[in-house]
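Tertiary structure, described
What follows is the residue order along each chain.
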Amino acid sequence: MNSWKSYPENSDFSIYNLPFGIFSVNGSSPRLCSAIGDEVIDLRAAAQLGLFDSLSIEPSVWDSNTLNDFISLGKKITKEVRIILQSELCKEDSKLKSSTDVFIAMNEVRMHMPVKVGDYTDFYSSREHATNLGKLFRDPDNALLPNWLHIPVGYHGRASSIIESGLDIYRPCGQQKPADGPPVYGPTKRLDFELEVAFIIGKESELGNAISTESAEEYIFGLVLFNDWSARDIQKWEYVPLGPFLGKNFASSISPWIVTLEALNDFRVSGPQQDPPVLPYLKYEGIRNIDLHLEVILQPENSSENTISVSNFKYMYWNMAQQLAHHTVNGCNVKVGDMMASGTISGKDEKSYGSMIEISRGGKETIKLSDGQERKFIEDNDTVIMRGYCEKDGKRVGFGEVRTKVLPAKK
Ligand code: MN
């Protein structure tokens, strides 16, 4: 596929991608866009050229400040929008070519939350991560709990504090329990990130109806990078017996572009062999993992970037179809805009650990940064950046980045 629109060779936003997002420019109200190279594609302006007339989409959809209404049109329509855009960007006689207001430089726009998130679920689907954490929090010899190889373990998180890339967060405060004394209250001393990928629900299911692994992908609109911020000391004290709460719900940051499942099709790979065999409702056909290269970068204030983890979404033990089948097997319904995160993505190699608690082995070891500073966890004024892309046969489909700076705790 060849576009008349030129863009850098290593761009995340190639002709094969065409993700969806929400942007504003010069203080305008936020509206829908796609992207190619270093430019945003204003979808309202593209629609005004008549590009999508055959799809009879209400004009107000393009003016919405979230993608929820657009996604709710259904995959039949949203897939077609992307295909039309792709063909127009390749067609020599496209109306887009002479348009003066469809393309806007990315560095002139502000990106916003792409969806209004209804419910947020966080899974725990990386075997390596679950093993590493089990060793640190519980028992080095029996790290994986007995249910883990049978159930895509997860919990219900908090949607209100999911934020877009670029927003700063404050170091959270809460209760911690020193080893030799009563609980204390104060800023977390063990602030951590979690490298995750989240999928966004694109189709409503009915209460009481389970989604099968076979039909699961009809319900998945697309994916974002997801940084599930965690306060390990708060988490450690509070998590028994009901699981994560204030150690997790103060913030999760996402990348602004939703990369569609269709754009990721070429990068499918087989997942790890599942042994013991899973129950029938978790069995699946086809190739369900995605070879998505992931990086975590730590940048101290006024200093340079340090790549502290290189991982891959393909390592996931439980795939998205299994997660969704499990989530709904009891009749729990899902809604457009719901977000389901993978759980921290760690690989076997220690350079592929997806959280500081793993990298620093529970705070026992330090990592050295390029400017000589050391880290066990995330310090005030550090910025954590996650980037991700798929690449194969000269095609690159990327996510851009999710970037969050940590400000000192509020007094
Ligand atoms: Mn998580």
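Refer to the structure above for everything that follows.
Residues numbered from 1 in each chain as written. Predicted model: local features only at pLDDT ≥ 70, side-chain atom pairs only at ≥ 80, totals over all residues. Heavy atoms only, no water.

One pass over the structure, following the stated rule, counts 27 salt bridges. When the shortest N-O distance is used, the salt bridge between K368 and E374 registers 3.8 Å. Accessibility expressed as a relative area gives 62% for K368, which makes it exposed. One salt-bridge network, held together by shared partners, links D192, E194, D228, R232 and K248. (Salt bridge = Lys/Arg side-chain N within 4 Å of Asp/Glu carboxyl O. Buried < 20%, exposed > 50% of the residue type's maximum accessible area, 1.4 Å probe, protein only.)

Okay, unusual backbone geometry next. For the bond running from V240 to P241, omega is 0 degrees, close enough to zero to count as cis. Relative to the helices and strands, P241 is located in the loop between helix 5 (232–238) and strand 16 (252–254). Although it is not a glycine, S56 adopts a positive phi angle of roughly 50 degrees. Turning to its location among the elements, S56 is positioned in the loop between helix 1 (43–48) and helix 2 (68–72). Residue S56 is classed as exposed on the basis of its relative accessible area, which comes to 66%. (Helix = DSSP H or I, 4+ residues; strand = E, 2+ residues; numbered from the N terminus.)

Protein-derived coordination of the manganese ion comes from D122 (OD), E194 (OE), E196 (OE) and D228 (OD), at a distance range of 2.1 Å. Read in sequence order, the donor residues coordinating the manganese ion give the pattern D-x71-E-x1-E-x31-D. In this pair, D122 is assigned in strand 6 (residues 120–123) and D228 in strand 14 (residues 220–228), connecting sequence segments 106 residues apart. One exposure class covers both D122 and D228, and it is buried. (Donors = N, O, S within 2.8 Å, 3.2 Å for Na, K, Ca; no water.)

This brings us to the sheet that holds strand 2 (residues 31–36). Spatial ordering of the open sheet is given by 4-3-2-1-5, a layout of 5 strands whose pairing is antiparallel. In this open sheet, the two edge strands, each paired with only one partner strand, are strand 4 (103–105) and strand 5 (109–111). Across the sheet, the mean angle separating the axes of adjacent strands is 50 degrees when strand polarity is ignored. Inspection of the sheet shows strand 2 paired to strand 3 (residues 39–42) by 4 bridges, in the antiparallel sense. When the bridges of strand 3 are listed, I36 appears paired with E39. (Pairing = 2+ DSSP bridges. Axes fitted to C-alpha atoms, helices over the stretch in contact; angles between N-to-C directions.)

This next bit is on the environment of I297. Residue placement: I297 occurs in strand 20 (residues 293–299). With 239 residues separating them along the chain, I297 and E58 place their C-alpha atoms 41 Å apart.

A separate point is the pairing of strand 14. Burial analysis of strand 14 places 9 of its 9 residues in the buried class, the great majority of the element. Sheet topology places strand 13 (residues 195–201) next to strand 14; 7 bridges connect them, and they run antiparallel. For A198, the partnering residue across the bridge sits in strand 14 and is V224. In terms of strand pairing, strand 14 meets strand 17 (residues 259–260) through 2 bridges, oriented antiparallel. Its bridge partner lying in strand 17, G222 is registered against T260. As defined by bridge partners, strand 14 adjoins strand 16 across 3 bridges and the pair is classed as antiparallel. Its bridge partner lying in strand 16, D228 is registered against S252.

Here we come to the nonpolar core. Burial of nonpolar side chains together is a common tendency in soluble globular proteins. Judged by nonpolar contacts, the single largest core of 98 residues is most densely connected at F52, L89, L223, F313, L324 and M339. In contact with L324, not counting residues within four places along its chain, are F199, I201, I211, A216, Y219, I220, V334 and M340. Counting 10 residues, the second-largest nonpolar core is a separate cluster that includes F13, V25, V109 and W257. (Core = buried A, V, L, I, M, F, W, Y, C linked by side-chain atoms within 4.5 Å. Contact = heavy atoms within 4.5 Å.)

So, about empty space enclosed by the protein. Under the criterion given, the structure shown has 1 cavity of 30 Å³ or more. What lines the largest cavity is simply R288, N289, I290, F313, M316, W318, N319 and M320. Here the residues of the lining of the largest cavity sort into 5 nonpolar, 2 polar and 1 charged. (1 Å grid on protein atoms, 1.4 Å probe; cavity = no way out; pocket = protein on both sides within 12 Å on 5 of 7 lines; lining within 4 Å. Points joined across faces, edges and corners; volume = space filled by probe spheres on them. Nonpolar A, V, L, I, M, F, W, Y, C, P; charged D, E, K, R; others polar.)

To continue, consider the layout of surface pockets. Volume-wise, the largest pocket comes out at about 570 Å³. Lining the largest pocket are 27 residues, with Y124, R138, V153, Y239 and P244 sitting closest to its centre. Elements with a contribution of two residues or more to the lining of the largest pocket: strand 6, helix 4 (127–137), strand 7 (154–156) and helix 5.

This next bit is on the packing of aromatic side chains. Where two aromatic rings form a pair, the distance of their centres and the angle of their planes describe that pair. Across all of its chains, the model carries 10 aromatic pairs by this definition. Taking the centre distance of 4.9 Å and the plane angle of 50 degrees together, the rings of F20 and F70 count as tilted. Separated by 50 residues along the polypeptide, F20 in the segment before strand 1 (21–25) and F70 in helix 2 bring together distant segments of the chain. Summarising the aromatic geometry, the rings of F70 and F221 are spaced 6.5 Å apart at their centres and angled 90 degrees between planes, so their arrangement reads as edge-to-face. Here F70 is found in helix 2, whereas its partner F221 is found in strand 14, with 151 residues between them in sequence. Exposure class is identical for F70 and F221. Each is buried. (Phe/Tyr/Trp six-rings, centres within 6.5 Å; stacked < 30°, edge-to-face > 60°.)

Attention now goes to helix 4. Those residues of helix 4 that sit buried are E128, H129, A130, N132, L133, G134 and F137. Where the residues of helix 4 are buried, they touch helix 5 and helix 7 (356–359).

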